[in-house]
Amino acid sequence: MKSLEEYLALAARNHGHMCPGQVLGVRMAMLGLKQLGIDDPVKHRKRLLTFVEIDRCATDAVSLVTGCRLGKRALKFLDYGKVAATFLDLETNRAVRIAARDDSRVKAREMFPELTDQRRQQLEAYKVMDDAELFTSQWVRVKLKSEDLPGRPRTRVACEQCGEGINDRRERLVDGRVLCRNCAGESYYERVTSD
Ligand SMILES: [Zn+2]
Ligand SMILES: [Zn+2]
């Protein structure tokens, strides 16, 4: 594993700026890997799945340190709105969930009262605070379906309504018809008719 400083430099470049979220994300991922006993995330890339619970700054840093990416199915996004992540070792089936403590914000203010900017306070404090001050950590069991694992698609069918292909059992069976989630009424968009 690289040092905190090395990861922070890489994270800032990758994310586009340095921010408290990069520090939290890097440290969260380093702690998760440490708990799992994975010292080299590059070498053990295929062992690791990471579940992130927010789509904000910290997630980029978590992905950078773990090497888990959405396009590899190794990064799973769960929209819980929490700065938290679960690190799953597929080899041992052990998983640890790390969550940022809310009181670390207060602590950051107390540690750096001379800094007037809250963002600067957090940025500096999050680099030096103990893991236990920054995070809570718990061992968990992740409910993971085989069709959510990395690797080649397990299944592929075509939607009987729109004809688009659907991988990995994301289809729905509605009144005996195989439909994509959109055609089954779970759509996140609606079609706009242009004239
Ligand atoms: Zn940021
Ligand atoms: Zn369809």
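Residues numbered from 1 in each chain as written. Chains lettered and ligands numbered in written order. Predicted model: local features only at pLDDT ≥ 70, side-chain atom pairs only at ≥ 80, totals over all residues. Heavy atoms only, no water.

(A) Molecular detail of the coordination of the zinc ion (ligand 2). All of the protein donors around the zinc ion (ligand 2) are Cys159 (SG), Cys162 (SG), Cys180 (SG) and Cys183 (SG); their distances to the metal are 2.3 to 2.4 Å. For the zinc ion (ligand 2), all donor residues lie on one chain, and their spacing in sequence is C-x2-C-x17-C-x2-C. Here Cys183 lies in helix 7 (residues 182-186) and Cys159 lies in the loop between strand 6 (156-158) and strand 7 (165-167), a separation of 24 residues in the sequence. We classify Cys183 as buried; its relative accessible area is 18%. (Donors = N, O, S within 2.8 Å, 3.2 Å for Na, K, Ca; no water. Helix = DSSP H or I, 4+ residues; strand = E, 2+ residues; numbered from the N terminus. Buried < 20%, exposed > 50% of the residue type's maximum accessible area, 1.4 Å probe, protein only.)

(B) How the structure looks around the sheet that holds strand 3 (residues 84-89). Strands sit in the order 2-1-3-4-5 across an open sheet of 5 strands; the sheet is mixed. Whereas interior strands pair on both sides, the edge strands pair on one side only; in this sheet they are strand 2 (75-77) and strand 5 (135-140). Going from strand to strand, the sheet's axes swing by 20 degrees on average, the running direction of each strand aside. Sheet topology places strand 1 (residues 48-52) next to strand 2; 3 bridges connect them, and they run parallel. Looking across to strand 2, one finds that Thr50 is bridged to Leu75. Seen against the sheet, helix 2 (residues 20-36) touches strand 1, strand 3, strand 4 (94-100) and strand 5 and runs at an angle of roughly 155 degrees to strand 4. Against the sheet, helix 3 (residues 57-66) contacts strand 1, strand 2 and strand 3, and its axis sits at roughly 175 degrees relative to strand 1. (Pairing = 2+ DSSP bridges. Axes fitted to C-alpha atoms, helices over the stretch in contact; angles between N-to-C directions. Contact = heavy atoms within 4.5 Å.)

(C) Spatial organisation of the side chain of Arg27. Relative to the elements of secondary structure, Arg27 occurs in helix 2. Under the relative-accessibility criterion, Arg27 is labelled buried at 10%. Once residues within four sequence positions are removed from consideration, Arg27 is found in contact with Leu4, Tyr126, Lys127, Val128, Met129, Asp130, Asp131, Leu134 and Phe135.

(D) View of the environment of Thr155. Structurally, Thr155 is set in the loop between strand 5 and strand 6. In sequence terms Thr155 and Ile166 are 11 residues apart; their C-alpha atoms lie 8.1 Å from each other. Setting aside chain neighbours within four positions, we find Thr155 in contact with Ile166, Asn167, Asp168 and Arg169. For Thr155, the side chain forms a polar contact with the main-chain nitrogen of Arg169, separated by 3.0 Å. (Polar contact = N/O pair within 3.5 Å; in protein donor to acceptor, adjacent residues only side chain to side chain.)

(E) Representation of the coordination of the zinc ion (ligand 1) within the structure. In the first shell of the zinc ion (ligand 1), the protein supplies His15 (NE2), His17 (NE2), Cys19 (SG) and Cys57 (SG), at 2.1 to 2.4 Å from the metal. Between consecutive donor residues of the zinc ion (ligand 1), the sequence gaps follow H-x1-H-x1-C-x37-C. A residue pair is termed long-range when its members are at least 10 positions apart, and His17 in the loop between helix 1 (4-15) and helix 2 and Cys57 in helix 3 qualify at 40 residues. For Cys57, a relative accessible area of 29% translates into the label partly exposed.

(F) Representation of the packing of helix 1 against helix 2. At a minimum axis distance of 10 Å, the contact between helix 1 and helix 2 shows a crossing angle of 130 degrees. With respect to their mutual orientation, helix 1 and helix 2 come out oblique. Between helix 1 and helix 2 the crossing geometry is right-handed. Contact residues: Leu4, Tyr7, Leu8, Ala11 and His15 in helix 1; Gln22, Val23, Val26, Arg27 and Met30 in helix 2. (Parallel < 35°, antiparallel > 145°, perpendicular 65-115°, else oblique. Left-handed = near helix turned anticlockwise from the far one by under 90°.)

(G) Structural view of the pairing of strand 3. Most of strand 3 sits inside the fold, with 6 of its 6 residues counted as buried. Alternating positions in strand 3 separate into two faces, Ala84, Thr86 and Leu88 on one and Ala85, Phe87 and Asp89 on the other, with burial throughout. Pairing of strand 1 with strand 3, which is carried by 5 bridges, proceeds in the antiparallel orientation. Bridge assignment links Phe51 to a residue of strand 3, and that residue is Thr86. Sheet topology places strand 3 next to strand 4; 6 bridges connect them, and they run antiparallel. In the sheet register, Thr86 faces strand 4, and the bridge partner there is Arg97. Linkage of strand 3 to strand 4, two consecutive antiparallel strands, is achieved through a turn of 4 residues, within which Asn93 is found at a positive phi near 65 degrees.

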